[in-house]
Amino acid sequence: MKVTVAGTGYVGLVTGVCLAEIGHEVICIDINEEKIRLLKQGKSPIYEPGLEELLEKNAKRRSLYFTTSPKEAYSEREVIIIAVGTPENRDGSANLSYVEAAAKDIAEHMTDHVIVTIKSTVPVGTNHRVKELLNQYKAPHLQVKVVSNPEFLREGSAIQDTFKGDRIVIGSACQHAGDVIETMYKPLNIPIVRTDIKSSEMIKYASNAFLATKISFINEIANICEKLGANIEDVARGIGLDSRIGDKFLQAGIGYGGSCFPKDTKALVQLAGNVKHDFELLESVIKVNNHQPLLLLQKATDIAGDLYRKKVALLGLSFKPNTDDVRESASLVLAKKLLENGSIVSVYDPIATDNAKKMLGDHVIYCTSIDEAIRGAELTFIGTEWVEIKEYPVANYKKLMKNPRVFDGRNCYSLAEMKRHEIVYVSIGRKAILQQM
Ligand code: UDX
């Protein structure tokens, strides 16, 4: 099938590359010339395991092509997928200007009947609005159908999620248009859910809101466990084995970040507000999440006193492991708060340092190893559970830090091990180890 993907961010690029891999002729278009220049050289502008190999392979066999030209990208196509960003407006609602600009471009340059598929996360009702825009700007003799097809990819495992996803959601008003999209995905052999357009749009928001709720819920239980002397890991295992609850997304920590959960939860609260529904539950989920990194900081000041002028290490900057993405990272919330408190902050991340530099500037000391970051520090915070951090020999905290006190926002180590090494260790939802050396 001749497919174009508009937008080469995480979603667009992964989708384009994977569709080429399953046999389609794919063009990816972006307005960012630098990105397209890199992609044409076979280089991925984002870090995503397995992506560059597939990109190179499919570009070589000419099933994948990159361009900035709408004329090239939108003529003689059967399916055009919109996967551009929908950043957050000041009031928390989704900014649809990129989606609308892409729709206008498509309408002005399409040369055949086409199915426009919206993958970007958009508020309920947007597909209909895009259809109106397409109809307004297209040539009268051409036909355009709109299909909603939300994505559920996780950064860091996006390729695997595309090939082994739990479901593909296709929302359409026209049976034939939905059938064409179903056929496009057929080689993936993933269960398909067919719905109307609005339900499909809602599935995306409801999924992310539910997952965010699960995280804030387990974080609240963790906070209570700490006060009552229970252990969140045992509790999570105990509830997760109930198949109605499920054992995923029950990892307590300093909260969720990334490009989706924070933005989509706020957008859903807005969306509900627009129809005069007060989404109190989701508002609480957001509030709990905003508070979660601050609680760890509070525990640190309770133990170590004022952090002013203290040398503090922060390990992990990305919003989760296996990505260089620092958007809405809870770890960066910690970094900024530590700086506000006047701490001298050394940071280390295996791959997200360059992106973190854009947010933290030269206010922190960037280190190239865990050893370097923690050497001489009075406190260490852990913000991301990278394998490298989880496997770091804990004896080194005692050896290298001035005062071995670890505040672990991701429960990377076992309590017994930290006790054995006589390290002050405070984690999430577990007993604090406050031994004094
Ligand atoms: C998410 C959704 O999972 C995906 O379906 C959607 O399409 C985009 O948003 P992503 O943002 O890549 O994907 O990351 P995800 O792996 O879901 O993690 C999100 C955040 O939740 C991370 O900050 C992670 O640290 C946190 N998290 C996740 C927890 O704190 N505890 C958990 O148990 C799981």
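Cut-offs applied
One numbering rule holds for all chains: residues counted from 1, following each sequence as written. Local features in a predicted model are, by the rule used here, given only for residues with pLDDT of at least 70; side-chain atom pairs are given and counted only at 80 or more, and totals for whole chains, interfaces and linings are based on all residues. Where side-chain values are given, they derive from all heavy atoms of the structure, hydrogens and water being excluded. Every helix listed is a DSSP run of H or I at least four residues long, and every strand listed is a run of E at least two residues long, numbered separately from the N terminus. The contact criterion used throughout is that any non-hydrogen atoms of two residues lie within 4.5 Å. By this definition, two strands are paired if DSSP reports at least two bridges between them. Assignment of crossover handedness uses the view with strands pointing away from the viewer, where a clockwise path from the first strand over the helix to the second indicates a right-handed crossover. All the domain ranges listed were derived from an automatic or database domain assignment. Throughout, the accessible surface (probe 1.4 Å) given up by two parts as they are put together, summed over both, is called the buried area. When a carboxyl oxygen of Asp or Glu lies within 4 Å of a side-chain nitrogen of Lys or Arg, that pair is called a salt bridge. For this analysis, a polar contact is any N or O atom pair within 3.5 Å, provided that within protein one partner can donate a hydrogen and the other can accept it, and provided that sequence-adjacent residues contribute only side-chain to side-chain pairs. Three residue categories are used. Nonpolar comprises Ala, Val, Leu, Ile, Met, Phe, Trp, Tyr, Cys and Pro, charged comprises Asp, Glu, Lys and Arg, and polar comprises the others, including Gly. We call a residue near a given molecule or strand whenever any one of its heavy atoms falls within 4 Å of it. All accessibility values rest on the Shrake-Rupley procedure with a 1.4 Å probe; residue burial counts only the protein chains present in the view.

### Re the environment of Phe 249
Okay, so step 1: Here Phe 249 shows up in the loop between helix H10 (232-240) and helix H11 (261-274).
Okay, so step 2: As for Phe 249 and Ala 236, which are separated by 13 residues in sequence, their C-alpha atoms are 9.5 Å apart.
Okay, so step 3: Residues contacting Phe 249, with those up to four places away along its chain left out, are Leu 211, Lys 214, Ile 215 and Phe 261.

### Some details on the pairing of strand S8 (residues 192-195)
Okay, so step 1: As judged from the four bridges shared by strand S7 (residues 168-172) and S8, these two strands associate in the parallel manner. If you follow Ile 170 over to S8, its bridge partner there is Arg 194.
Okay, so step 2: Regarding the hand of the β-α-β motif, the stretch spanning S7, helix H8 (residues 175-185) and S8 is right-handed.

### Description of the domain arrangement of the protein chain
Okay, so step 1: In terms of domains, the protein chain is made up of domain 1 (2-195), domain 2 (204-284) and domain 3 (289-426).
Okay, so step 2: Put simply, the middle of domain 1 and the middle of domain 3, counted by C-alpha atoms, are 38 Å apart.
Okay, so step 3: Carbon and sulfur atoms supply 44% of the area that domain 1 and domain 3 bury against each other, a total of about 570 Å² over both sides.
Okay, so step 4: Summed over the three residues of domain 1 that lose the most area to domain 3, namely Tyr 10, Tyr 47 and Glu 155, the buried surface amounts to 78% of that side.
Okay, so step 5: At the boundary of domain 1 and domain 3, one finds one salt bridge.
Okay, so step 6: Our count for the domain 1 to domain 3 interface comes out at four residue pairs in polar contact (both at pLDDT 80 or more).
Okay, so step 7: Each residue belonging to the side of domain 1 that touches domain 3 can be placed in one class, and the counts come to three nonpolar, one polar and two charged.

### A look at the site of the ligand
Okay, so step 1: Around the ligand, the structure places 18 residues, and the nearest of them are Glu 155, Gln 251, Gly 257, Phe 319 and Lys 320.
Okay, so step 2: Between the ligand and Phe 319, the relevant distance is 2.8 Å, taken from an oxygen atom to a main-chain nitrogen or oxygen of the residue.
Okay, so step 3: Coverage of the ligand by the protein amounts to 92% of the 660 Å² it exposes when considered alone.
Okay, so step 4: The element contributing the most residues to the shell around the ligand is helix H9 (residues 197-228), with three residues.
Okay, so step 5: Across the shell around the ligand, the residue classes tally to nine nonpolar, three polar and six charged.

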